[in-house]
Amino acid sequence: MRQIDALKSPRFTQVSTFGRLPLIQDLHDVKAFFVGIPFDDATTYRPGARFGPMGIRQGSRLLRPYNQFLDVYTFDELNACDVGDINVIPGYIMDTMKIIEEEMIKLAGSGTPFIAGGDHSITLPILRAMAKVHGKVNLVHFDSHYDFWDTYWGKKYTHGSWLRRALEENLLEEVIQVGIRGSTFSKDDLHDREKLGVTSFTIRDVKKSMEAVMKEINSLKGKTYVSFDIDAVDPAFAPGTGTPEVGGLTSYEAMEMIRGLNVNIVGFDVVEVAPSYDVSEVTSMLAANLIYEAMSVKAKR
Ligand SMILES: [Mn+2]
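Note that the structure is predicted; figures quoted are calculated from it, not measured. (Residues numbered from 1 in each chain as written. Predicted model: local features only at pLDDT ≥ 70, side-chain atom pairs only at ≥ 80, totals over all residues. Heavy atoms only, no water.)

Another point: the coordination of the manganese ion. Donor atoms from the polypeptide that coordinate the manganese ion comprise Asp143 (OD), His145 (ND1), Asp229 (OD), Asp231 (OD) and Asp231 (OD), at 2.1 to 2.7 Å from the metal. Considered as a linear motif, the donors of the manganese ion on their single chain read D-x1-H-x83-D-x1-D. With a gap of 86 residues between them, His145 in the loop between strand S6 (137-142) and helix H6 (162-168) and Asp231 in the loop between strand S9 (223-229) and helix H10 (251-259) connect regions that are remote in the sequence. (Donors = N, O, S within 2.8 Å, 3.2 Å for Na, K, Ca; no water. Helix = DSSP H or I, 4+ residues; strand = E, 2+ residues; numbered from the N terminus.)

When the UniProt feature table is mapped onto this chain numbering, "binding site: Mn(2+)" (unreviewed entry) sits at His120, Asp143, His145, Asp147, Asp229 and Asp231. A maximum C-alpha distance of 12.1 Å among these annotated residues, which run over 112 residues, shows that they cluster at one spot. In the annotation above, His145 are the residues that line the largest cavity. Its place among the elements puts His120 in the loop between strand S5 (112-117) and helix H5 (123-134). Taking the relative accessible area as the measure of exposure, His120 reaches 0% and is therefore buried. Residues in contact with His120, not counting those within four places in the same chain, are His141, Asp143, Asp147, His159, Trp162, Ser227, Asp229, Asp269, Val271 and Glu272. Residues in contact with His145, not counting those within four places in the same chain, are Gln177, Ile180, Asp231, Thr243 and Glu245. A polar side-chain atom of His145 sits 3.2 Å from a polar atom in the side chain of Ser144. (UniProt positions renumbered as here; feature names shortened; annotations may be inferred. 1 Å grid on protein atoms, 1.4 Å probe; cavity = no way out; pocket = protein on both sides within 12 Å on 5 of 7 lines; lining within 4 Å. Buried < 20%, exposed > 50% of the residue type's maximum accessible area, 1.4 Å probe, protein only. Contact = heavy atoms within 4.5 Å. Polar contact = N/O pair within 3.5 Å; in protein donor to acceptor, adjacent residues only side chain to side chain.)

In helix packing, the relevant descriptors are the interaxial angle and the interaxial distance, both defined with respect to the helix axes. Contact geometry for helix H4 (residues 93-108) and H5: axes closest at 8 Å, N-to-C directions at 35 degrees. Helix-helix and strand crossings are classified by hand; for H4 and H5 the assignment is right-handed. The segment H4 lies against H5, with Met97, Ile100, Glu101, Met104, Ile105 and Ala108 engaging Leu124, Pro125, Ile126, Arg128, Ala129, Met130, Lys132, Val133 and His134. When the residues that make up the contact of H4 with H5 are grouped by side-chain class, the tally is 11 nonpolar, 1 polar and 3 charged. (Axes fitted to C-alpha atoms, helices over the stretch in contact; angles between N-to-C directions. Left-handed = near helix turned anticlockwise from the far one by under 90°. Nonpolar A, V, L, I, M, F, W, Y, C, P; charged D, E, K, R; others polar.)

Moving on, we come to the pattern of salt bridges. All told, the structure shown has 18 salt bridges when counted by the stated rule. A salt bridge links Asp41 to Arg50, with the nearest nitrogen and oxygen atoms 3.4 Å apart. Sharing partners across several salt bridges, the network here consists of Asp150, Lys156, Arg165 and Glu168. (Salt bridge = Lys/Arg side-chain N within 4 Å of Asp/Glu carboxyl O.)

Moving on to the sheet that holds strand S8 (residues 199-202). The strand order across the open sheet built from 8 strands is S4-S1-S5-S10-S9-S6-S7-S8, with neighbouring strands paired in parallel fashion. Taken across any chain shown, the strands that pair with only one partner, and hence form the sheet edges, are strand S4 (81-85) and S8. Sheet twist, expressed as the average angle between the axes of neighbouring strands with direction ignored, equals 15 degrees. Looking at chain direction, S9 and strand S10 (residues 264-271) are connected through 7 bridges and run parallel. By the bridge assignment for S10, Lys223 is matched with Asn264. (Pairing = 2+ DSSP bridges.)

For the rest of this paragraph, the subject is the layout of surface pockets. Approximately 350 Å³ is the volume found for the largest pocket. Only strand S2 (66-67), H10 and helix H11 (282-300) provide two or more residues apiece to the lining of the largest pocket. Among the elements that take part in the lining of the largest pocket, H11 stands out by supplying 6 residues, more than any other. Residues that form the lining of the largest pocket fall into these classes: 10 nonpolar, 6 polar and 3 charged. Of the voids in this model, the second largest pocket is the one considered here, and its volume is about 260 Å³. (Points joined across faces, edges and corners; volume = space filled by probe spheres on them.)

A few words now on the packing of aromatic side chains. Summed over the entire model, instances satisfying the criterion amount to 11 aromatic pairs. Judged by centre distance (6.1 Å) and plane angle (35 degrees), the ring pair of Phe114 and Phe268 falls under tilted. Here Phe268 lies in strand S10 and Phe114 lies in strand S5, a separation of 154 residues in the sequence. As far as the burial class goes, Phe114 and Phe268 line up, both buried. Seen in terms of ring centroids, Tyr152 and Trp153 are 5.3 Å apart; in terms of plane orientation they differ by 35 degrees. Their pairing is tilted. Owing to a relative accessible area of 16%, Tyr152 belongs among the buried residues under this scheme. Trp153 gets classed as exposed once you look at its relative accessible area, which sits at 66%. Through a chain of ring-to-ring contacts, three or more aromatic side chains come together here, namely Phe18, Phe34, Phe75 and Tyr292. Over the ring of Tyr277 we find Arg46; its NZ or CZ atom is 4.6 Å from the centre of that ring. Residue placement shows Arg259 over the ring face of Phe69; its charged tip is 4.3 Å from the ring centre. (Phe/Tyr/Trp six-rings, centres within 6.5 Å; stacked < 30°, edge-to-face > 60°. Lys NZ or Arg CZ within 6 Å of the ring centre and 35° of its normal.)

Glancing now at empty space enclosed by the protein. One pass over the structure, following the stated rule, counts 1 cavity of 30 Å³ or more. Space inside the largest cavity adds up to approximately 30 Å³. What lines the largest cavity is Ser144, His145, Tyr146, Trp149, Ile180, Gly182, Ser183 and Thr184.

In structure tokens, the structure reads:
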């Protein structure tokens, strides 16, 4: 029955399942699940993140059930599954945001979503859904970019402006950014950071003391959503992305930061993975492992 439903819609980007988990859409008894959102029409530079879910599933095939660093049988503990991809509409940002919000309200009511994007615009409708299901949440935002620009080419809904919209829509409690380093259009961004009340740790802050950054993150109280733009990681480790910025986190540092989270995760995404610019699946494998570590943190609590 499920398979027939899946064949009715053109989910061309979907292959295999995350971590070889079962493909299940009935979330009864499921604590956490993987879901793909293959949408990239809000990108400003290289397109291709619509293939992120496909790449991340492919990069996840070597994941095994036991996490020795966190001492947990992650998938068993969560009774995890892969629910497939949300049926987005290529080329239609507003329609797609509506679909994502509606689907995420249904899904997040039954378990914790671990999401593979897609470009970063998908996080706005996810946060709208989070606010409806959970009330306002904290946001931990790994990225090389601030993503709080007001507009791009005069347009409000892009992968570089979703955070400004989320703040305007009053969806968020505390916001902590990590890994910031991209050049910006002007110094105004630094003033905006203050005005918007966002706490930003640049890549220098992380390299100086990861411990201090983690301490700040782990002091967050209440429900917390974590959004990980893969471009927080150095393109030497994660070349498969749309707006790469040199001088970033190593893959090990990224893994350690996710492993070190001690917050109440109500949702997690990895966005901006664009497999066509990848080399030997390194970016996809890293993204899959970051999701696995975040699932493991959830399974431990
Ligand atoms: Mn970014």
